[in-house]
Amino acid sequence: MEGRLLPVFTSFMVMFLEMGVMKSLGVLFNPMLGSLECTAGQLGVAIGLGNSIGYIISPITVNLSRCYGTRVCMMIGSVFLLVGYLTSAFVTNVFQLSVTIGITTGVGMGMSNIPQLAVLVDTFTTQFPLVFGIALVGGSLGAMACPPMVDLLIGVYGWRGTMMIIAATMFSVSVLGALQKPPRKPYSKLKENGEKSKKSPGFCDQFEGALSCVTSWLSLHIFFEERRVVLYLCATFLLGVTTASWILYLVPHAEARGISPSDAAFLATGGGVGNVLARVVSIPLLARKIFSPLLMFEVTCLVNAVAMFLDIFAGKIYTVLLTLASVNGACIGLLYVLFYLVAKQIYDERHHADLLVLGNCFFGVGQTIGTFIEGSTYDLTHSYDTAFFGLAAVSVVMVLLTFADGVASRRKNTDSKASISK
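In short, a report on the structure. (Residues numbered from 1 in each chain as written. Predicted model: local features only at pLDDT ≥ 70, side-chain atom pairs only at ≥ 80, totals over all residues. Heavy atoms only, no water.)

### Section: helix H4 (residues 70-88)
Thought 1: Helix length check: H4 (19 residues) gives 26 Å between terminal C-alpha atoms against 27 Å at 1.5 Å per residue, within 8%.
Thought 2: All of the buried residues in H4 are Thr-70, Cys-73, Met-74, Gly-77, Ser-78, Leu-81, Gly-84, Tyr-85 and Ser-88. Considered in projection along H4, the buried side chains sweep an arc of 135° and stay on one side of the axis. (Helix = DSSP H or I, 4+ residues; strand = E, 2+ residues; numbered from the N terminus. Expected span 1.5 Å × (residues − 1). Buried < 20%, exposed > 50% of the residue type's maximum accessible area, 1.4 Å probe, protein only. Arc of directions from axis to C-beta.)

Put into structure tokens, the structure is as follows:
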């Protein structure tokens, strides 16, 4: 497994492990809720932080991986994952859990997962939709396979013993990190250029240079070059709200309606099956450009909104709940693929890497806020129906934002062509 195939393989496996565990935390939610004696909103934020922080710190981890190599970042990240999940087995309150499974595993996820995506962007340009879809299928398979296994482990070892097993499993990320190639060191030219420059800059020049360097390092300069990027980033924020809320609260939502824990856990498997099918089917469609990413994104958002809305009327009918979970899983899995490709469609190529970084950051912030709002809604109403209706509305807003962004993109292209013709 060498050369260009290696980052695809390692991304596939990292996605399998981390998305599988993230989906399984929904199965652990109610046992942890009873043991830690906290509110659903507090526990939702603590668990949601474990995934969202990894995305929020993506501007830092991507640059660290480019400086020191993906191998170093992944192996350090695996240590954070091991420590975070292992210490989570011994916590006594939700605030300790926020540090262990929230901050610690969040940093581990950010250092092991996000640099992999940056490698795919840098390695594959024309084939990015294909390889990105293949890598994300790993996450879909993990979301399908892990929840039933975790449900069995809870019955034998309890949620604390299960957390220890998860910790040992996640440490295998270090093996995937060891497979990475060390980074190249293209610093000689920079050093020569620095020696050639004889004029020492003044204080103002130094300050402006440092500010420009930080802005570029964190990919913030795109706000000044493309103001309409706010529309795209707001859509990715709302996608984070939808994704984390549905993943974490699907199983508790079913149990709140009287579904048994094992059957509720199988709903996560149904969502994983839909996730796999959607991503597998979309790979050739997007690779051959049969549908544009923007059009597919908007249609998928509308389908997701309809399924979320119909969930309110499903009641305890298990077959209907399983069908809707499969549809939502398919839509959410596909939307995560598409929001990268929408950026590649409507923005200049020079902004693609920055949009990958900032998009992940806003996606992570949305995950934290989404899990908190949905958990707090349950604490107030003792029902997830209102929250799921809100997620349907969020999907509709995403359609409006991306539509406005697409219109602005077409208008900009038309204006540039008109100016060139003049």
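### Some points on a nonpolar patch on the surface
Thought 1: Side chains of Ile-290, Phe-291, Leu-295, Val-299 and Val-303 sit close together on the surface and give an oily, nonpolar patch of about 430 Å² of accessible area.
Thought 2: Relative to the assigned elements, Val-299 resides in helix H14 (residues 293-310). (Patch = residues over 30% accessible without salt bridge, like charges linked within 9 Å, V, L, I, M, F, W, Y side chains within 5 Å. Areas by Shrake-Rupley, 256 points an atom, 1.4 Å probe, with all protein chains shown as cover. Salt bridge = Lys/Arg side-chain N within 4 Å of Asp/Glu carboxyl O.)

### What to know about unusual backbone geometry
Thought 1: Positive phi, normally seen in glycine, also occurs at Glu-37, with a value near 50°.
Thought 2: Mapped onto the secondary structure, Glu-37 falls in the loop between helix H1 (5-36) and helix H2 (40-56).
Thought 3: Assessed through its relative accessible area of 73%, Glu-37 is described here as exposed.
Thought 4: One non-glycine residue, His-382, lies in positive phi territory at about 55°.
Thought 5: Structurally, His-382 is set in the loop between helix H16 (352-381) and helix H17 (385-421).
Thought 6: On the basis of relative accessibility, which here comes to 60%, the residue His-382 falls in the exposed class.

### Points about the nonpolar core
Thought 1: Counting 109 residues, the largest nonpolar core has Leu-28, Phe-29, Leu-43, Tyr-85 and Tyr-336 as the members making the most contacts within it.
Thought 2: The greatest single-element share of this core, amounting to 16 residues, is contributed by helix H15 (residues 318-346).
Thought 3: The contact partners of Leu-28, leaving out residues within four places of it in the chain, are Val-150, Ile-154, Trp-159, Thr-162, Met-163 and Ile-166.
Thought 4: Leu-49, Cys-73, Val-107 and Met-111 belong to the second-largest nonpolar core, a separate cluster that totals six residues. (Core = buried A, V, L, I, M, F, W, Y, C linked by side-chain atoms within 4.5 Å. Contact = heavy atoms within 4.5 Å.)

### Quick look at the packing of H2 against helix H5 (residues 94-112)
Thought 1: Two elements in contact, H2 and H5, have axes whose closest approach is 6 Å; the angle formed by their N-to-C orientations is 20°. When the axis of H2 is compared with that of H5, the two are roughly parallel. Every pair of crossing elements has a handedness; the one defined by H2 and H5 is right-handed. On the side of H2, the interface is formed by Gln-42, Leu-43, Ala-46, Ile-47, Leu-49, Gly-50, Asn-51, Ile-53, Gly-54 and Tyr-55, while H5 contributes Val-94, Phe-95, Leu-97, Ser-98, Ile-101, Gly-102, Ile-103, Thr-105, Gly-106, Val-107, Met-109 and Gly-110.
Thought 2: Classifying every residue of the contact of H2 with H5 by side-chain character gives 13 nonpolar, nine polar and no charged. (Axes fitted to C-alpha atoms, helices over the stretch in contact; angles between N-to-C directions. Parallel < 35°, antiparallel > 145°, perpendicular 65-115°, else oblique. Left-handed = near helix turned anticlockwise from the far one by under 90°. Nonpolar A, V, L, I, M, F, W, Y, C, P; charged D, E, K, R; others polar.)

### Looking at the pattern of salt bridges
Thought 1: This structure, assessed with the given rule, holds three salt bridges.
Thought 2: Ionic pairing is found between Arg-257 and Asp-311, a salt bridge with its closest N-O pair at 3.4 Å. Pair noted here: Arg-257 is in the loop between helix H12 (229-256) and helix H13 (261-287) and Asp-311 is in the loop between H14 and H15, with a separation of 54 residues, a long-range link. With respect to class, Arg-257 is no different from Asp-311; both count as buried.
Thought 3: Notably, a salt bridge pairs Asp-385 with Arg-257, separated by 2.7 Å at the nearest N-O pair. Of this pair, Asp-385 sits in helix H17 while Arg-257 sits in the loop between H12 and H13, and the two are 128 residues apart along the sequence.
Thought 4: Each of Arg-257, Asp-311 and Asp-385 takes part in a single network of salt bridges with overlapping partners.

### Structural notes on H1
Structural remark: α-helix, 3.6 residues per turn; residues separated by three or four positions point the same way.
Thought 1: Given a rise of 1.5 Å per residue, 32 residues ought to cover 46 Å, and the 44 Å separating the end C-alpha atoms of H1 matches this to within 8%.
Thought 2: At Leu-28, H1 shows its strongest bend, of approximately 45°, with the proline Pro-31 following within four residues.
Thought 3: Among the 32 residues in H1, 23 count as buried, and that is most of the element.
Thought 4: Just downstream of H1, Glu-37 is the residue with a positive phi angle, here 50°. (Bend = angle between axes of the 7 residues up to and from the residue.)

What is shown is where atoms sit, not what they do.
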